[in-house]
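Geometric and topological summary
Letter by letter, the chains look like this.
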Amino acid sequence: MATLKDIGFAAAINLLSAFAFLVAFAILRLQPVNDRVYFPKWYRKGVRSSPTRSGAFVNKFVNLDCRTYLRFLNWMPDALKMPESELIEHAGLDSVVHIRIYLFGLKVLVPLAVLAFVVLVPVNWTGQTLERIKNLTFSDIDKLSISNVPAGSKRLYAHIAMFYLFTLWTCYVLHEEYKKIAAMRLRFIASENRRPDQFTVLVRNIPPDPDESVSEHVEHFFCVNHPDQYLTHQVVYNANKLAELVAKKKSLQNWLTYYKNKYERKSTKPTTKTGFWGLWGTQVDAIDYYTAEIEKLTEEENKERARVINDPKCIIPAAFVSFKSRWGAAVCAQTQQSSNPTIWLTEWAPEPCDIHWDNLSIPYVDLTIRRLLMGVAFFFLTFFFIIPIAFVQSLANIEGIQKVLPFLKPLIDKQSVKSIIQGFLPGIALKIFLSVLPMILMTMSKIEGFTSLSSLERRSAGKFYLFILVNMFIGNIITGTALQQLKAFLNQPPTEIPKIIGVSIPMRATFFITYIMVDGWAGIAAEILRLVPLVIYHLKNTFLVKTDQDRDEAMNPGYLQFATSEPRIQFYFLLGFVYAVVTPILLPFIIVFFSFSYMVFRHQVINVYNQMYESGAAFWPDVHRRFIMNVVVSQLLMMGLLSTKNAEISTPLLIPLPILTIWFHVYCKGRFQSAFVTFPLQDAMVKDTLERATEPNLNMRNYIKDAYVHPVFKAGELERPLVVDEEENHPLVQTKRTCRMNSKRESDVNSDTDS
């Protein structure tokens, strides 16, 4: 078990390493050769270009202006200067609300830390209980926890009162944040420029019709049921194979451009080998080879495109339906279209760059089965993962290492080595063990069939949060406590074991402190240093970059990944709220993490990240729900902890807390959530009216026609269904089926006349 000295030693090393990372970042970002790595967002916006230096050749790579190094930490205040309204316009509402989660953590935890250190730390320190328990392993840091308070003591009333105060303050801040973000979203939608998804609805589970194709059936249905608002539609094709061919052709064209540029520079025809990456095989003329390969692939691509367009089996019973106004799209997206609630299912279409095209080809009936299977798989992944975590925790301590590797005992017995192991090893071991988990959870979400990148990230974030709650928090407390207090368990009667667990759970704060320093402090410092993207960029730029397109791709700014960062925020908030009453010494470490993260991610959002999509902070209700879950979990743990300390009156006093917290969540959901799931018809009508007044000649059909075409079709021909314009203004719209029947009757009459 880590002592106060071990924690201090680890904290000093982490602070020094974080400071070293910051100094390295402040110096590296000033070098012209690294400009595309640390300011890629401005390059993507076209505001910034590669810096040019006059004078010596070395100036193109190294900044020799000594005056700039005197201001190398100016990025910190600069990251906080940009006003929030300007930041929304620059980076989008999703990015701004995401970094506000860190600010929310500070608003809650800083007052909690002040009150806890003023009231609870003196109460815990003077309890003098741990010394009286035989065979119990503890350190000086545990004397600051509730474990040091005697069972049944009146001191526990201080913890109950503070817990009530902490809960009320958290709910108040959470209510104000929900209210403000809901208002920000409504303002964002009202002031936002025109986008295709404001006029478009995704229709799923279109029923089959023996007399009409999917495209005809969609047009027929919406011409009849939305005659004044329906504009056009785009059916969904299963074009996944075609997409692979298009991507392969793009790669070949990039190689061809590279060799043509090389030929222009050297005036000698370049050669390549036909094997993998030109490493082996027959040596041929590179330009002729790639030209021939592109021609073959183009022919294959055209055949596949024609097959997809003409084969009815490639058309999925889903379509993007566009309307003449936002009001018409809102009515369709937010109402039931048929008496059968399982068909003609409508929802707001994602914005085009948010669509995950691969999943649109999944039949709707398969989604329920897929999600059931992934739910079962996630259950086993979550609950059986406790076993390897317990094994890792058993090895990530002095006793475990000495048992497995006894020959290291002389080295481990040295105080400096022992401090490093106790202060770093548990957190590092768990960090490495969980590094691949986000990729697994994202793959599971893709298998479930969600059709937008934002929904995939929200789903993965939910899974990651539950996994962290079960394994890294609850499972870690149980396994860590059992391993640390194994001797006490064996030497005490069974009736005393719950009390030992109740005393020992607060002692896991030392492990969580080491994890926060390793995963939090060091992780954020590595985030802003961008060492891995820096190395990858220079390696690609040296060996792989062939064209300007390659250089832009090598720059790879990345984006703010909600699926991994938000669950980590929730985990730290959970630790802070649970241990605010139990072991307050944990709070300063979490506050440092939130403060550091807020500043760093604000800088990254301004200069680095290029957000892939914009959902208008649609994820906030999920964030709010997880905050509520954190509060309720902490309340239940507090009730269980006090019950082991013979505080009989504590349970009746604490029972109202989870009830009131859940009621508060229901209130917030009813009061604010509609702003995140619906588009008010009044606001839609206002925007439509203003748009008609300011742009009376806007051709909405031309604006919307290519927005929801699959990217692989945008370079080729795609037959589109035509709306019969002369029927649009009729009060009774003729359907295509009626037109076909009339045509048949007319042909029959003509044949009878001729005969």
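See the structure shown above.
The structure presented is a predicted model; accordingly, all values stated were derived computationally and were not measured. (Residues numbered from 1 in each chain as written. Predicted model: local features only at pLDDT ≥ 70, side-chain atom pairs only at ≥ 80, totals over all residues. Heavy atoms only, no water.)

Points about the sheet that holds strand E1 (residues 200-204)
Test applied: Pairs of strands are assigned from DSSP output, requiring at least two bridges between the strands. The helix and strand labels rest on DSSP assignments: H or I over at least four residues marks a helix, E over at least two residues marks a strand, and numbering proceeds from the N terminus. Throughout, an axis means a line fitted to C-alpha atoms (over the contacting stretch in the case of helices), and angles, computed between N-to-C directions, take values from 0 to 180 degrees. We call two residues in contact whenever any of their non-hydrogen atoms come within 4.5 Å of each other.
In spatial order, the strands read E2-E5-E1-E6; together these four strands make up an open sheet with antiparallel pairing. Edge positions in the sheet fall to strand E2 (230-237) and strand E6 (345-348), since each of these pairs with one other strand and no more. Neighbour-to-neighbour, the strand axes of the sheet open up by a mean angle of 30 degrees, direction not taken into account. Two strands pair when backbone bridges link them, and E1 and strand E5 (residues 315-323) are joined in this way by four bridges, in the antiparallel orientation. The residue of E5 that forms the bridge with leucine 202 is phenylalanine 320. Strands E1, E2 and E5 of the sheet are contacted by helix H9 (residues 214-225), whose axis makes an angle of about 150 degrees with E2. Packing against the sheet, helix H12 (residues 326-333) makes contact with E1, E5 and E6, and its axis sits at approximately 130 degrees to E6.

A word on the pattern of salt bridges
As a reminder of what qualifies: By definition, a salt bridge exists where a carboxyl oxygen of Asp or Glu is found within 4 Å of a side-chain nitrogen of Lys or Arg. Note on exposure labels: buried denotes an accessible area under 20% of the residue type's maximum, exposed denotes more than 50%, and partly exposed covers the range between, all computed with a 1.4 Å probe on protein chains only.
Taken as a whole, this structure holds 21 salt bridges when the rule is applied. Taking the shortest distance from any N to any O, the salt bridge between glutamate 84 and arginine 100 comes out at 2.9 Å. Of this pair, glutamate 84 sits in helix H6 (residues 84-91) while arginine 100 sits in helix H7 (residues 93-125); the two residues are 16 residues apart in sequence, bridging distant segments of the chain. A residue is classified by how much of its surface remains accessible, and arginine 100, at 4% relative accessible area, is buried. Each of Arg194, Arg326, Asp688, Glu691 and Glu695 takes part in one network of salt bridges that share partners.

Here we look at the packing of aromatic side chains
Rules: Only centres within 6.5 Å qualify two rings of Phe, Tyr or Trp (six-membered ring in Trp) as a pair; their planes then separate them into stacked at under 30 degrees, edge-to-face at over 60, and tilted for everything else. Think of it as a cone above the ring: NZ of Lys or CZ of Arg counts as a charge over the ring if it is within 6 Å of the ring centre and within 35 degrees of the ring normal.
Inspection of the entire model under this criterion finds 32 aromatic pairs. Centre to centre, the rings of phenylalanine 320 and tyrosine 708 are 4.6 Å apart; their planes meet at 25 degrees, and the pair counts as stacked. Of this pair, phenylalanine 320 sits in strand E5 while tyrosine 708 is found in the loop between helix H33 (700-704) and helix H34 (736-754), placing the two residues 388 residues apart along the sequence. The pair phenylalanine 320 / tyrosine 708 is uniform in exposure class, with both members buried. Joined through ring pairs, the aromatic side chains of Tyr102, Phe571, Tyr572, Phe593, Phe594 and Phe601 make up one cluster. Note that arginine 371 overlies the ring of phenylalanine 450, its terminal NZ or CZ placed 4.3 Å from the centroid.

Here's the deal with H9
Structural remark: α-helix, 3.6 residues per turn; residues separated by three or four positions point the same way. Put simply, the rule is: The span one expects for a helix is its residue count, reduced by one, times 1.5 Å.
With 12 residues, H9 ought to run about 16 Å at 1.5 Å a step, and its terminal C-alpha atoms sit 16 Å apart, in line with that. For H9, the complete set of buried residues consists of Ser215, His217, Val218, Glu219, His220, Phe221, Phe222 and Cys223.

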